[in-house]
Structures are given as structure tokens and as C-alpha cells.
Amino acid sequence: MAWDFETDPEYQAKLDWTDQFVREEVEPLDHVFPHQQFEPLDDARRKIIDPLKDEVRRQDMWATHLGPELGGQGFGQLKLALLNEILGRSLWASIVFGCQAPDTGNAEIIAHYGTPAQKDRYLQPLLDGECFSCYSMTEPHAGADPTLFKTHAVKDGDEWVINGWKYFSSNAKTASFLIVMAVTNPDVSPYTGMSMFLVPTDTPGVNIVRNVGLWGEELNQGSHALIHYEDVRVPEDALLGGEGQAFVIAQTRLGGGRIHHAMRTIGMAQKALDMMCERALSRETQGSLLADKQFVQGYIADSYAQLIQFRLFVLYTAWEIDKYNDYKRVRKDIAVAKVVMPTVLHDIAWRAMQVHGALGTTNEMPFFGMIHGAGVMGLADGPTEVHKVTVARQVLRDYRGTEGMWPTEWIPGKQDAAREKFAQYLELEVGNL
Ligand SMILES: Cc1cc2nc3c(=O)[nH]c(=O)nc-3n(C[C@H](O)[C@H](O)[C@H](O)COP(=O)(O)OP(=O)(O)OC[C@H]3O[C@@H](n4cnc5c(N)ncnc54)[C@H](O)[C@@H]3O)c2cc1C
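Overview of a positive patch on the surface
A surface patch of like charges, here positive, comprises Lys328, Arg331, Arg393 and Arg397. Topologically, lysine 328 is positioned in the loop between helix H9 (294–324) and helix H10 (331–355). With relative accessibility at 66%, the residue lysine 328 sits in the exposed group.

A word on the layout of surface pockets
Taken as a whole, the second largest pocket encloses approximately 570 Å³ of empty space. In terms of lining residues, the second largest pocket is bounded by 16 residues, among which Asp4, Phe5, Leu78, Leu315 and Trp319 are the most central. Of all elements in the fold, only helix H3 (77–87) and H9 reach the threshold of two or more residues within the lining of the second largest pocket. If one sorts the elements of the lining of the second largest pocket by residue count, H9 sits on top with 6 residues. The class makeup of the residues in the lining of the second largest pocket is 10 nonpolar, 1 polar and 5 charged.

Quick notes on the site of the ligand
Lining the immediate surroundings of the ligand are 17 residues, of which Tyr135, Thr138, Phe168, Ser170 and Glu385 lie closest. At 2.9 Å from an oxygen atom of the ligand is found a main-chain nitrogen or oxygen belonging to methionine 137. Phenylalanine 168 places a main-chain nitrogen or oxygen 3.2 Å from a nitrogen atom of the ligand. Elements with a contribution of two residues or more to the shell around the ligand: strand S3 (159–170) and helix H13 (384–396). Of the residues assigned to the shell around the ligand, the class counts are 10 nonpolar, 5 polar and 2 charged.

Quick look at the environment of alanine 44
Secondary-structure assignment places alanine 44 in helix H2 (residues 43–58). On the basis of relative accessibility, which here comes to 52%, the residue alanine 44 falls in the exposed class. In this structure, the C-alpha to C-alpha distance between alanine 44 and leucine 239, residues 195 residues apart in sequence, is 37 Å.

Thoughts on the pattern of salt bridges
This model, assessed by the stated rule, comprises 17 salt bridges. Between aspartate 54 and arginine 57 there is a salt bridge whose closest N-O contact spans 3.6 Å. Of this pair, aspartate 54 and arginine 57 are both found in helix H2, 3 residues apart, which corresponds to roughly one turn of the helix. Classification of aspartate 54 as partly exposed rests on a relative accessible area of 37%. Take arginine 57: its relative accessible area is 32%, and that puts it in the partly exposed class. Across the pair aspartate 274 and arginine 89 runs a salt bridge, and its minimum N-O distance is 3.6 Å.

Brief notes about H13
Between the first and last C-alpha of H13 there are 18 Å, a value that for 13 residues agrees with the 18 Å anticipated at 1.5 Å per step. Residues of H13 that are buried include every one of Thr384, His387, Thr390, Val391 and Gln394, and no others. Along H13, the residues classed as buried sweep out an arc of 120° about the axis, all on the same side. Exposed positions of H13 whose direction lies more than 90 degrees from the buried face are Glu385, Arg393 and Leu396. Residues of H13 that are buried sit in contact with helix H8 (246–280) and H10.

What to know about the side chain of serine 288
With respect to the helices and strands, the residue serine 288 is situated in strand S10 (residues 288–289). Polar contacts involving the side chain of serine 288 include one to the side chain of lysine 293, which spans 2.8 Å. Aside from chain neighbours lying at most four places away, what touches serine 288 is Arg283 and Lys293.

Points about the environment of glycine 216
Considering the arrangement of structural elements, one finds glycine 216 in the loop between strand S6 (206–212) and strand S7 (224–235). Residues glycine 216 and histidine 372, spaced 156 residues apart in sequence, show a C-alpha to C-alpha distance of 9.8 Å.

What counts, and at which threshold
- Residues numbered from 1 in each chain as written.
- Predicted model: local features only at pLDDT ≥ 70, side-chain atom pairs only at ≥ 80, totals over all residues.
- Heavy atoms only, no water.
- Patch = residues over 30% accessible without salt bridge, like charges linked within 9 Å, V, L, I, M, F, W, Y side chains within 5 Å.
- Areas by Shrake-Rupley, 256 points an atom, 1.4 Å probe, with all protein chains shown as cover.
- Salt bridge = Lys/Arg side-chain N within 4 Å of Asp/Glu carboxyl O.
- Lys, Arg positive; Asp, Glu negative; His and termini not counted.
- Charge placed at Lys NZ, Arg CZ, Asp CG, Glu CD.
- Helix = DSSP H or I, 4+ residues; strand = E, 2+ residues; numbered from the N terminus.
- Buried < 20%, exposed > 50% of the residue type's maximum accessible area, 1.4 Å probe, protein only.
- 1 Å grid on protein atoms, 1.4 Å probe; cavity = no way out; pocket = protein on both sides within 12 Å on 5 of 7 lines; lining within 4 Å.
- Points joined across faces, edges and corners; volume = space filled by probe spheres on them.
- Nonpolar A, V, L, I, M, F, W, Y, C, P; charged D, E, K, R; others polar.
- Near = heavy atom within 4 Å.
- Polar contact = N/O pair within 3.5 Å; in protein donor to acceptor, adjacent residues only side chain to side chain.
- Expected span 1.5 Å × (residues − 1).
- Arc of directions from axis to C-beta.
- Contact = heavy atoms within 4.5 Å.

And the structure:
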């Protein structure tokens, strides 16, 4: 019977190394170069970051989500989950380990659908950690419902001409190329009438109108671009996959992206719980430690319970992806992880903030960033509500309605059936009570 919660000792040793390396060498980067992880390296930063990446490569931990044919270790999703929950502690860690969103998902679809020429041009530099990429799908008037997208690409000779607006195209300002979803055949269903294009960011007509920031960032200094694609001309071979394949490609991309966010979120929520416990054991009020107060004990117990349920579920889902090698088959559980993730992070970070008192609310502690991050997790890669609909639909597939007036578990009906089954042994007549 194979049902095992243990990590093999060889990989555990790698995880132990990673944990120490991230705490000692990588987390400090968050404090000297905050939020600069998606900027191309200048000479000063290269001197610090490149040796760290080299060390990760030496330890065979670079881009472990990829198979050996793409320069990774092919460890699979379960091992990636165990790694990502460590990397989730730090903003810089996934960059130093070559497995940062959104580039992992983008690399995955180019590896899957790209031609050899597209792989040479776009995939290799991405895998080498030498460039960034952007996934440009959401539009200003529609996000959760891609069937409403208007950006379109029209064939003109041997070129495609792209026109339209995209919104929240993360990292567009530092990306070398964009993956753009556009309507290519308005006369058929959107599910078969949209295509994906690989567009170098410096193509004439790619106009970044604003770099939208998240809460707390300077106006127009953020990473989420509003882009106007204005007569953007790309050659025929800029098409990624076949014409009309955008929805299929998007599902491949977003399935992986969502579960990877969930893996990293475990690390961030664990960090909040660690801080909550440390504070509870450090601060005294009204004659005893915070850790001795039942309310605070409740916070700690609830947080641990939420985190361990979430963690086990994410690991299980990762195991399923490895087993079936098919995101579609695991769609329901990926959606569950996506739905649960913001609540787990929000609740634990909120309690940790509360236990820190006034200090917790300041910009000298990371809690508000985490709580804001939880809000982002409820939207990026699709809103929670939409994923709940997916879960419910998938769950309902295994059920049928009853034909009669009463539910199957209606007790009088069950009682009658049971009495009939055992009638010959019962002294009382069937139904006579
Ligand atoms: C930090 C961040 C990074 C992002 N990065 C990218 C990126 O790189 N590329 C990209 O293309 N997009 C990106 N997005 C956009 C993201 O995918 C969209 O925000 C998301 O799909 C929701 O679209 P919307 O914001 O237009 O909300 P809408 O579609 O307008 O939905 C708004 C709200 O309506 C409700 N709602 C919507 N549909 C339903 C439904 N069916 N049932 C019930 N309620 C519903 C939900 O409450 C939802 O939050 C990013 C978003 C964030 C926050």
C-alpha cells in the first residue's frame, strides 16, 4: 500500500540546504533590492545575484520544474511544491532558483507549443534566467470572461496585424517579449476563434500607456501594464501553437501557474505563523505571556490547522499532477487550492498582525503586504468566484438528481426499505410503526 508522507532523504538534504541558503543568502536581497527582482540586472546587482544562481545550479536546484531536455532536473510538481514552500518566504528566491511566475508558465507553453525556432529565440534565454516575459491576456473591460476579449489580429500578406488594449500585463516594462491573446476569427466561438502570439516588446506599436501599481506603490510606477497594441505587425511564425488554440494554451499555462502560487503561499503563511508564535512567546501583558492567553492560543491553533490542511491539499494536488500528467484531469483540485489560498494567507497574516499590536500595522513589519498579497491571490489567474463555479460543476458531475419526490436519504423511505429487507426476521409488520 503506497501512502507515504515522507520525503526521500536525498531530496530532504537538498531542501535543508535550500532552507538555509534562502534564509541566509537570498532573503537579505528583499531588503536591499525590494521589488526589483524583475528588473534586468545591472553590473552591481549581477555581482551579487549571478554567484547565487551559480550556487543553485551547482546544487542541481536550478529550474527544477523543467525536464532534463530543457535544462532542469525534471523533479516534478510534488518536489517543486516542497521547494516552492521554502522559496515563498522571499521575493527574490524564485528568481535565484529560476522558477519565477509568470516566466515558468510562459516557458511551459513555449516548450509545449513552440516551434524549434521559437524555442531558440524565446525559451532558451528565459530558461537561462537572462530575460523576462509577459503574459498579456486580460483587457480593461474584461478579465474573468475571456470570451469578451476584443484585441484582434488580422492577416495581411505574410504578417499578422494586432490591434487592441490589454490590462494588467505583469512585467511588460521589463519583459523582452509578450504572449498576446487575440481574436483571429470573430465568426466562430471564442473558444476556437482566438490565438496566441509571441511579440517582442520593442515591436513598433506596442505602447505601454501606464504601469499600473498595486496599493502602496507610486502611481504609474508599478509592474502591471496597460498596453495599447496599435497596428503591431508580426510575421506569420509569431503564432504560438495553431490558429484558434488560445484557450487550450491558456488552460495549460494557468493550471501550472495557479498551483505554483499556492505552493509559494504556503511559505508566506508559514512565515506569518512563525512570526505570530515568536511574538506570543516574547511579549508579556497583564501578568503573563501572550502565548498564555486563550485568545492568542486560539489564533495559533486556528492558523496551524488552516495551514496544515492547505499544505497537505497542495502537496496532494501536486502529486496528482505528477501522477496523471494532465492539468485538465486535476482541474477541480487546482481550483480548490486557488480558492482556499487567499483565505489561508489572509487569516494567518491578519492574526499575526493583531498579535504584534500597533507594530504589526506599520511599514516596519510585512503583514500588510501579506494581507494585500492575499487579495491579489483572489484575483490573479482568475477570481475566486469563478474558480468556485469550476469546483462546484466538477463536484456535481459525480451526482444525479432523484426521480421521486423525496431525497434518497429521506428517513421514512429508508426505514420502509430496511423493514422490507429484513421483513422475514422482524416480528412487526413492514411499515407498521
Ligand atoms: C497582481 C495581479 C497580476 C496580474 N497579472 C496578469 C498578467 O500578467 N496577465 C494578465 O493577462 N492578467 C493579469 N492579471 C489580471 C487577472 O487575471 C484578472 O484580474 C482576473 O482575471 C479578473 O479579471 P478582472 O480584474 O477584469 O475582474 P472582472 O472580470 O471584472 O471580475 C470582477 C469581479 O466580479 C466577480 N465575478 C466575475 N466573474 C464572476 C462569475 N462568473 N461569477 C461570480 N462572480 C464573478 C468577482 O468578484 C470578480 O472579482 C493580474 C491581476 C492581478 C491582481
